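Remarks on the overall topology
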Amino acid sequence: MKFVVVIIFGNVSQEVNLPVGNGKQTFKWLANAAAYLFVHVGIRDGMHISSRNRKYYQMPCNTQLLPKNVYTEDTPFLHPDDVINQNLKEGTKVFVELYDKLDFDEFGFPVLSKWAFLAYRRDEKYREEREIF
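Conventions we followed
Residues numbered from 1 in each chain as written. Predicted model: local features only at pLDDT ≥ 70, side-chain atom pairs only at ≥ 80, totals over all residues. Heavy atoms only, no water. Phe/Tyr/Trp six-rings, centres within 6.5 Å; stacked < 30°, edge-to-face > 60°. Helix = DSSP H or I, 4+ residues; strand = E, 2+ residues; numbered from the N terminus. Buried < 20%, exposed > 50% of the residue type's maximum accessible area, 1.4 Å probe, protein only. Lys NZ or Arg CZ within 6 Å of the ring centre and 35° of its normal. Pairing = 2+ DSSP bridges. Axes fitted to C-alpha atoms, helices over the stretch in contact; angles between N-to-C directions. Core = buried A, V, L, I, M, F, W, Y, C linked by side-chain atoms within 4.5 Å. Contact = heavy atoms within 4.5 Å. Salt bridge = Lys/Arg side-chain N within 4 Å of Asp/Glu carboxyl O. pLDDT = per-residue confidence, 0-100.

Some thoughts on the packing of aromatic side chains
What the rule picks out here adds up to 3 aromatic pairs. Ring centres of phenylalanine 9 and phenylalanine 38 lie 5.4 Å apart, and the angle between their planes is 50°; this geometry places the pair in the tilted category. Highlighted residues: phenylalanine 9 in strand E1 (residues 2-9) and phenylalanine 38 in helix H1 (residues 27-43), separated in sequence by 29 residues. Both residues of the pair, phenylalanine 9 and phenylalanine 38, belong to the buried class. Taking 6.3 Å as the distance between ring centres and 65° as the angle between the ring planes, the aromatic pair formed by tryptophan 115 and tyrosine 120 counts as edge-to-face. The positively charged end of lysine 114 is found above the aromatic ring belonging to phenylalanine 77, 4.5 Å away from the centroid.

Structure (structure tokens):
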């Protein structure tokens, strides 16, 4: 299976073709793969960014961006634990939003989107909050 993935980072976006094999991976995997591609392929290989903004978007090779949301034009929320081939047809355009800025609460903890919370807050202490979503 192969999908067109639109990676959105602030006001910059990049469209890539992302092969996913048989599609048995989760949307969390797809979002992490898109974030990796954005850093290691898009920005470093001269993605189309104006020279004025290029310095702002240059990142070290070990940068890891956190996915914020994954959706399609028809589906506003694709759960991080759902399997790709059970939810999408091959060739579907998938949007992956990445955090360009992470806000923190008064205790210094990151304020995560619903998608990121479900994907990355896996500890038992977050079980009740995860079930609310």
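Some words on the pairing of strand E2 (residues 12-19)
Along E2, the buried face is formed by Val12, Gln14, Val16 and Leu18; none of Ser13, Glu15, Asn17 and Pro19, which line the opposite face, is buried. Pairing of E1 with E2, which is carried by 8 bridges, proceeds in the antiparallel orientation. Note that in E2 the partner of valine 5 across the bridge is valine 16. Connecting the antiparallel pair E1 and E2 is a turn made up of 2 residues, with glycine 10 showing a positive phi of about 65°.

Observations regarding the sheet that holds E1
Taken together, the 4 strands give an open sheet; going across it, the order is E2-E1-E4-E3, and neighbouring strands pair in mixed fashion. Only two strands of the sheet have a single partner each, and these edge strands are E2 and strand E3 (67-72). The mean inter-strand angle of the sheet, taken between neighbouring strand axes irrespective of direction, is 25°. The pairing of E1 with strand E4 (residues 93-98) spans 6 bridges and is parallel. Bridge assignment links isoleucine 7 to a residue of E4, and that residue is valine 96.

Notes on the nonpolar core
Among the nonpolar cores identified, the biggest contains 26 residues, and Val5, Leu30, Val70, Val96 and Leu98 are the most heavily contacted of them. The biggest single contributor to this core is H1, with 8 residues. In contact with valine 96, not counting residues within four places along its chain, are Val5, Val6, Ile7, Ile8, Leu30, Ala31, Ala34, Asn69 and Val70.

Focus: the pattern of salt bridges
Counted under the stated rule, the structure contains 2 salt bridges. As a salt-bridge pair, lysine 101 and aspartate 103 come within 3.5 Å of each other at their nearest N and O atoms. Judged by relative accessible area, which is 58%, lysine 101 ranks as exposed. Given the relative accessible area of 42%, aspartate 103 is considered partly exposed.

Examining the confidence of the model for the protein chain
Should the pLDDT be low somewhere, the predicted coordinates at that spot are not to be read in detail. On average, residues of the protein chain score 84 in pLDDT, and 81% of them reach the 70 mark or higher. Across residues 44-51, where pLDDT falls below 50, the model places 13 contacts with residues more than four positions away in sequence or in other chains.

Overview of the environment of isoleucine 8
Note that isoleucine 8 resides in strand E1. The spacing of isoleucine 8 and aspartate 100 is 92 residues in sequence and 9.1 Å in space, taken between C-alpha atoms. What isoleucine 8 contacts, discounting residues up to four positions off in sequence, is Ser13, Tyr71, Phe95, Val96, Glu97 and Leu98.

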